[in-house]
Amino acid sequence: MPRRAAANRLQRLANDLVLVPVRLAQQRGYLRNWAGDVGVDATSIPVLANPDSDYSGTASVEITAGWHFSGGSDKGIFGYSASLLVAAHSRTGEGATKGRRAPSYPQLCLGLSLDTPTVRTGENAVTVLKHLAELRLPTGICAADRAYPGCSPENFRVPVRRLGYRLALDYKAADRGIQGSWQGAVLIDGSLACPHIPNALAQATHGMDDKTFRRRLDDLKPLVAERLPYFLRLKQNADARGTVRLQCPAAGPSPSVNCPRRERLRPARPTASDRDQTGGSPLPRQPRLGSPDRPAP
């Protein structure tokens, strides 16, 4: 049997053992309050063997091991990287704003993949997510640290979205704030937004390192929350290619912002409810505002 095929079978066996308590929890209803949010991270698994030595000209007996660097540390650990998938929950939304308690469920390990450090970081995360998908559990947000945004889209982001997850990624200080654009929309901290979003909101996190971010967290939360109405909204979930459809925040029956430019370019057709009882002229249209005090983008 080829070495890689044998390694894959061992990986599957180890992951199946991890999934045993997950299957039991699912059968007994312990996961009914879990919304499908997960966290993925790679942790170091050191080995007793010595690494390769240029001084003595010897090689390590752990021929598939490598150096694992945690949290930007300059000091590596020789061994393997274990990609772990854990059950989690997001702290955003109505429950968080009203101070409600987090839903109750066991925070189980949902997957495990052991591999050479930095070689297949994204692929290993996708592998354990695919195994979890076989249980037909809900899919929510997949949170990952800054080792994963550096993976090529085909090896991480695209297949994760195909599985039905939304991504919450971390970025380095130089990559925060406005990151680029796509067909007129502005990419801000990984999310596409209306190009008329106020610059103070778009660049609220620009150039901010982790230490500064934590120190100013209370000041930044309101600014980040004010971004939300300007983000393009999900219109259709990912298809077989991982492509999602987004729409303008001023479009649809429940727009989050008012956009005079859109009203001029795409005037809405009058409906039956817009006409008076005599069948005469349309009634004046009401402004479609997500917030009465919010300026038009």
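Conventions we followed
Residues numbered from 1 in each chain as written. Predicted model: local features only at pLDDT ≥ 70, side-chain atom pairs only at ≥ 80, totals over all residues. Heavy atoms only, no water. Helix = DSSP H or I, 4+ residues; strand = E, 2+ residues; numbered from the N terminus. Contact = heavy atoms within 4.5 Å. Areas by Shrake-Rupley, 256 points an atom, 1.4 Å probe, with all protein chains shown as cover. Core = buried A, V, L, I, M, F, W, Y, C linked by side-chain atoms within 4.5 Å. Buried < 20%, exposed > 50% of the residue type's maximum accessible area, 1.4 Å probe, protein only. Expected span 1.5 Å × (residues − 1). 1 Å grid on protein atoms, 1.4 Å probe; cavity = no way out; pocket = protein on both sides within 12 Å on 5 of 7 lines; lining within 4 Å. Points joined across faces, edges and corners; volume = space filled by probe spheres on them. Pairing = 2+ DSSP bridges. Right-handed = clockwise from strand over helix to strand, strands pointing away. Phe/Tyr/Trp six-rings, centres within 6.5 Å; stacked < 30°, edge-to-face > 60°. Axes fitted to C-alpha atoms, helices over the stretch in contact; angles between N-to-C directions.

Visitor: Help me understand the overall build of the protein in this model?
Guide: Within the protein, the regular secondary structure consists of eight helices and 11 strands. For the protein, long-range pairs separated by at least 24 residues make up 63% of all intrachain contacts whose partners lie at least 6 apart in sequence. As displayed, the protein offers around 19100 Å² of accessible surface, 53% of which is attributable to carbon and sulfur atoms.

Visitor: How should I be thinking about the nonpolar core in this particular structure?
Guide: Most often, soluble globular proteins have nonpolar side chains that are buried together. If you look at the biggest cluster of nonpolar residues, it comprises 26 residues, and the most contacted ones within it are Val22, Trp34, Val38, Leu85, Leu110, Leu132 and Phe156. Where this core is concerned, the elements lending two or more residues are α1 (3-27), β1 (38-46), β3 (77-87), α3 (121-133) and β5 (141-144). Sorting elements by how many residues they give to this core places α3 first, with five residues. For Leu110, the contacting residues outside a window of four places in its chain are Val18, Leu19, Val22, Trp34, Val38, Leu85, Val86, Ala87 and Leu132. Judged by nonpolar contacts, the second largest core, of 11 residues, contains Val186, Ile188, Ala202 and Cys259.

Visitor: Explain α3 to me, please; I cannot follow it from the model alone.
Guide: In this model, α3 (13 residues) spans 19 Å end to end at C-alpha, consistent with the 18 Å of a helix rising 1.5 Å per residue. Those residues of α3 that fall on the buried side of the exposure criterion are Thr121, Gly122, Asn124, Ala125, Val126, Val128, Leu129, His131 and Leu132.

Visitor: Mind showing me how you'd approach the layout of surface pockets here?
Guide: To find the voids left in a structure, one rolls a probe of water-molecule size over its atoms. Taken as a whole, the second largest pocket encloses approximately 520 Å³ of empty space. Lining the second largest pocket we find 22 residues, and of these Phe69, Ser70, Gly71, Asp145 and Ala147 sit closest to its centre. Where the lining of the second largest pocket is concerned, the elements lending two or more residues are β1, β3 and α3.

Visitor: Help me understand the pairing of β5, please; the structure alone is not making it clear to me.
Guide: Remember that side chains alternate between the two faces of the sheet whenever the strand is regular. In the sheet, β1 pairs with β5 via three bridges, with the strands oriented parallel. What sits directly across from Val40, in β5, is Ala144. Inspection of the sheet shows β5 paired to strand β6 (residues 166-169) by four bridges, in the parallel sense. Note that in β6 the partner of Ile141 across the bridge is Arg166. On the question of chirality, the crossover connecting β5 to the parallel β6 by way of helix α4 (residues 157-162) is right-handed.

Visitor: Honestly, the packing of aromatic side chains in this entry has me stumped. Any pointers?
Guide: Aromatic rings in a pair are described by how distant their centres are and how their planes are angled relative to each other. Enumeration over the complete set of coordinates arrives at two aromatic pairs. Both rings, one in Tyr148 and one in Phe156, keep their centres 5.1 Å apart while their planes meet at 40°; by these two values the pair is tilted.

Visitor: How should I be thinking about unusual backbone geometry in this particular structure?
Guide: Most peptide bonds adopt trans geometry, and most residues besides glycine take a negative phi value. Although it is not a glycine, Gln183 sits at a positive phi angle of roughly 50°. Tracing the backbone through its elements, the reader meets Gln183 in the loop between β7 (178-182) and β8 (185-188). A positive phi angle, near 50°, is found at Asp189, a position not held by glycine.

Visitor: Is there a simple way to explain the sheet that holds β7 in this structure?
Guide: Within a beta sheet, neighbouring strands are joined by backbone hydrogen bonds and run either parallel or antiparallel to one another. Ordered in space as β7-β8-β9, the three strands form an open sheet in which the pairing is antiparallel. Here the strands that pair on one side only, and so sit at the sheet edges, are β7 and β9 (191-193). Averaged over all pairs of adjacent strands, the angle between strand axes in this sheet comes to 35°, irrespective of strand direction. Here β7 pairs with β8 via four bridges, running antiparallel. When the bridges of β8 are listed, Trp182 appears paired with Ala185.

Visitor: How do you make sense of the environment of Leu31 when you look at a structure like this?
Guide: Residue placement: Leu31 occurs in the loop between α1 and β1. What makes Leu31 buried here is its relative accessible area of 8%. Through-space distance from the C-alpha of Leu31 to that of Pro106 is 7.2 Å; in sequence the pair is 75 residues apart.

Read these as spatial facts, not as claims about activity.
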